[in-house]
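Examining the three-dimensional arrangement
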Amino acid sequence: MTERSTVADDTSRGALSAPAGPDRADRMSPGSWRHTPRGRTPLVAGLVVALSGIGLLVNGTVLAFRGLLVDDEGWYLQAARAVAQGQLPYRDFAFTQGPLSPYVFAPGQALSGGSLLAGRLTALVLVLLLFAVAVGSVWRAVGPPAAAAVGILLAADTGTTWALSMAKTYGIAALCLVAMSACLLDARHRDRSMAGATLLAGLAALDRFSAVTTWVVVGLGCLFLARSTRGRVLVALAGLVPVVGYGGLYLLAPTETRFGLWGYHQLTVESGGLRALDGELFVTRLPDVVATYTIPLVLACVAVAAAVSTADTRSMLRRRPGLVVAAAGTAAFMAGNFAAGEWHSDYLLPAVPATMMLSVVAVGLASASAAPAPPSPTLPVAAVLVGAMLVLLPGWGIGVDTFPSERTALQRASDLAAPLEAVTGPDDTVLALHGAAVAVEAGRETVEGDSLGQFSYVDTPTENARRLDVLNAELLVALVRDAEPAAVLLSDWDRELLDRRGTVSTEPGDAGPFLAALEANDVEVAVQSGFSQTGSELSLYVRR
């Protein structure tokens, strides 16, 4: 067999692989994972995939309408409204993530005039697209039973579904990682697949700056895997996307861009040097990861053990380097977030779907590499893992609003948005802080410097606050004293934060001057309880 015919044979089957040895026929026997059996198996697997997809859709829809209102959703959608009106992140308003997410959510905000539900439905579309890409890729690369297993795992992990269905960056990053992995598993057009994987890794980096680690690892891996000079040129061009995106914004507003992507996050980091960080990594973060991501970690460990257990399975990895690069890129995303100065365990959530997908692929291909090939174990293994997930980490109903009210979280926000819209005009501005979601729902712009919700309150000198488009205590007092905003939204959580010098500051502050100026110039006209994930009481003030 010539090299050309070998490549064509591999390409027709869809796996990213090098020419196989003389035992290829055994590895592709009817008992193999890669063999697509006739009869009932594809039909049953297709039915399982369909039911899993329906379950995911139902759960995602419930969460979109009845899920908790998370604080960050307000200012993410506020940023989306801003870019829909032609503004640029960092230059025209402060933003602390990559610039991609506002543009993803902007169409829904432009069409709706400002809507929390539009943001949620946009996120749900991304989750469903992620499901389709993951299942379709595994079906082609491994076979119907493995695709069914991936469908079950994605549908059963309802906690991740909730996180990805919020109007934040998580769903975008998760979709980028899954689609990147799908490209690396597909060699039907190898050079284009490598360029596509690099592009998607770059988009993940434009969504969350911490994904730059994925972009570097995958970009270098794809340069190595590209078959031709043309392919390497395509990979290099695709790799320029985040360079152009971040570089262009940096040239327009270097100080503001540097603050949004780096400086603000360092405000949350306690000093102590490398020794303190090293202690936190192993004392706090590692146990947090193990407790939060038990099932994905178990699945990944099983996959690694299966892939390196025998000479045949190790040979499989050498023949399918795309799988290795995809796994390395996903691991790089987790490592970049795990070792960063600022830490919350949910930062790793975007990697969960890709981890599940690649783990099933690794187990399936490792099983296919054995001679003779064993019966397909994916569905039983998936069933056990799903059962363990539901028993050890019950997730059904997670994220659903449980505040004792007949009104959902979105409806409660809308209940306060209605009077805000009634007492202000379309051109009026609002000081929203923690209540950013209500301003979005009412279709009202916030005052300059209030683009990050409660995180807009920063402990920094006034001149620097103006330059960075944020607010400090002096500017907040001046706003209400001079009656610049037509209305003020203030929660009990805001009141607590104003007793510090900034939202992420540990230095004591004094809320008195601000509250005195508010009392003198504004009057409370409406109150809403059970606002956001904190269940706060949010008040609406208008000028006297």
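Below is a summary of the structure that appears in this document. (Residues numbered from 1 in each chain as written. Predicted model: local features only at pLDDT ≥ 70, side-chain atom pairs only at ≥ 80, totals over all residues. Heavy atoms only, no water.)

Some details on the overall build of the chain
- Secondary structure summary: the chain contains 26 helices and five strands in total.
- Counting across all 544 residues of the chain, residues that qualify as buried make up 54%.
- Long-range contacts, defined here as pairs at least 24 residues apart, represent 71% of the contacts in the chain between residues at least 6 apart. (Helix = DSSP H or I, 4+ residues; strand = E, 2+ residues; numbered from the N terminus. Buried < 20%, exposed > 50% of the residue type's maximum accessible area, 1.4 Å probe, protein only. Contact = heavy atoms within 4.5 Å.)

Quick look at a nonpolar patch on the surface
- Residues Leu 47, Leu 51, Ile 54, Val 58 and Val 62 make up a contiguous nonpolar surface patch of roughly 460 Å² in combined accessible area.
- Mapping Ile 54 onto the fold places it in helix H3 (residues 40-66). (Patch = residues over 30% accessible without salt bridge, like charges linked within 9 Å, V, L, I, M, F, W, Y side chains within 5 Å. Areas by Shrake-Rupley, 256 points an atom, 1.4 Å probe, with all protein chains shown as cover. Salt bridge = Lys/Arg side-chain N within 4 Å of Asp/Glu carboxyl O.)

Here's the deal with the packing of helix H9 (residues 170-184) against helix H10 (residues 190-207)
- Contact geometry for H9 and H10: axes closest at 8 Å, N-to-C directions at 165 degrees. Taken together, the axis directions place H9 and H10 in an arrangement best described as roughly antiparallel. In the packing of H9 onto H10, the handedness of the crossing is left-handed. On H10, the residues touching Ile 172, Ala 173, Cys 176, Ala 179, Met 180, Cys 183 and Leu 184 of H9 are Ser 193, Met 194, Gly 196, Ala 197, Leu 200, Ala 201, Leu 203, Ala 204 and Asp 207.
- Residue composition of the contact of H9 with H10, by class: 13 nonpolar, two polar and one charged. (Axes fitted to C-alpha atoms, helices over the stretch in contact; angles between N-to-C directions. Parallel < 35°, antiparallel > 145°, perpendicular 65-115°, else oblique. Left-handed = near helix turned anticlockwise from the far one by under 90°. Nonpolar A, V, L, I, M, F, W, Y, C, P; charged D, E, K, R; others polar.)

As for the sheet that holds strand E5 (residues 536-543)
- Taken in spatial order, the five strands line up as E2-E1-E3-E5-E4 in an open sheet, and their pairing is mixed. Each end of this open sheet is capped by a strand with a single partner; those strands are strand E2 (445-446) and strand E4 (522-531).
- Pairing between strand E1 (residues 429-431) and E2: two bridges, direction parallel. Note that in E2 the partner of Val 430 across the bridge is Thr 446. (Pairing = 2+ DSSP bridges.)

Here we look at helix H6 (residues 116-141)
- Compared with an ideal rise of 1.5 Å per residue, which puts 26 residues at 38 Å, H6 spans 38 Å between its outermost C-alpha atoms and is within 8% of the ideal.
- Where H6 starts, the residue carrying a side-chain oxygen 3.3 Å from the main-chain nitrogen of Leu 117 turns out to be Ser 115.
- Remark: Gly 143 follows H6 within two positions and exhibits a positive phi of approximately 145 degrees. (Expected span 1.5 Å × (residues − 1). Polar contact = N/O pair within 3.5 Å; in protein donor to acceptor, adjacent residues only side chain to side chain.)

Some thoughts on the packing of aromatic side chains
- With the rule as written, the count across this model stands at seven aromatic pairs.
- Ring centres of Trp 75 and Phe 455 lie 6.3 Å apart, and the angle between their planes is 75 degrees; on these two criteria the pair is classed as edge-to-face. Of this pair, Trp 75 sits in helix H4 (residues 71-84) while Phe 455 is found in the loop between E2 and helix H23 (462-468), placing the two residues 380 residues apart along the sequence.
- What makes Phe 455 partly exposed here is its relative accessible area of 24%.
- Ring centres of Tyr 76 and Phe 95 lie 5.9 Å apart, and the angle between their planes is 85 degrees; on these two criteria the pair is classed as edge-to-face. Placement of Tyr 76 in helix H4 and of Phe 95 in the loop between H4 and helix H5 (100-112) is noted, with a sequence separation of 19 residues between them.
- Assessed through its relative accessible area of 3%, Tyr 76 is described here as buried.
- Three or more aromatic residues joined by ring pairs form one cluster here, namely Trp 75, Tyr 76, Phe 93, Phe 95 and Phe 455. (Phe/Tyr/Trp six-rings, centres within 6.5 Å; stacked < 30°, edge-to-face > 60°.)

Quick word on the nonpolar core
- Ranked by size, the top nonpolar core spans 143 residues in total, and within it Leu 184, Leu 323, Leu 431, Val 438, Leu 489 and Phe 514 carry the most contacts.
- When residues of this core are assigned to their parent elements, the largest contribution, 12 residues, is made by H9. (Core = buried A, V, L, I, M, F, W, Y, C linked by side-chain atoms within 4.5 Å.)

What to know about the pairing of E5
- Counting buried residues in E5 gives six out of eight residues, a clear majority hidden from the surface.
- Inspection of the sheet shows strand E3 (residues 487-491) paired to E5 by five bridges, in the antiparallel sense. Note that in E5 the partner of Ser 491 across the bridge is Leu 538.
- Here seven bridges tie E4 to E5, and the two strands are oriented antiparallel to one another. Looking at the pairing, Gln 528 lines up with Leu 538 of E5.

What to know about the environment of Val 127
- Mapping Val 127 onto the fold places it in helix H6.
- Taking the C-alpha atoms as reference points, Val 127 and Gly 60, 67 residues apart in sequence, are found 8.3 Å from one another.
- The residues contacting Val 127, other than those within four sequence positions of it, are Leu 56, Leu 164 and Ser 165.

Looking at the pairing of E3
- Counting buried positions along E3 yields five of five residues, so the element is predominantly enclosed.
- A two-sided burial pattern is seen for E3, the buried positions comprising Ala 487, Leu 489 and Ser 491 on one face and Val 488 and Leu 490 on the other.

Here we look at unusual backbone geometry
- Positive phi is not limited to glycine here, since Leu 433 has a value of about 50 degrees.
- On the basis of relative accessible area, Leu 433 is assigned to the buried category, the value being 4%.
- In this model, Asp 469 sits at a positive phi of 60 degrees, which is unusual for a non-glycine residue.
- For Asp 469, a relative accessible area of 11% translates into the label buried.

Structural measurements only, silent on function.
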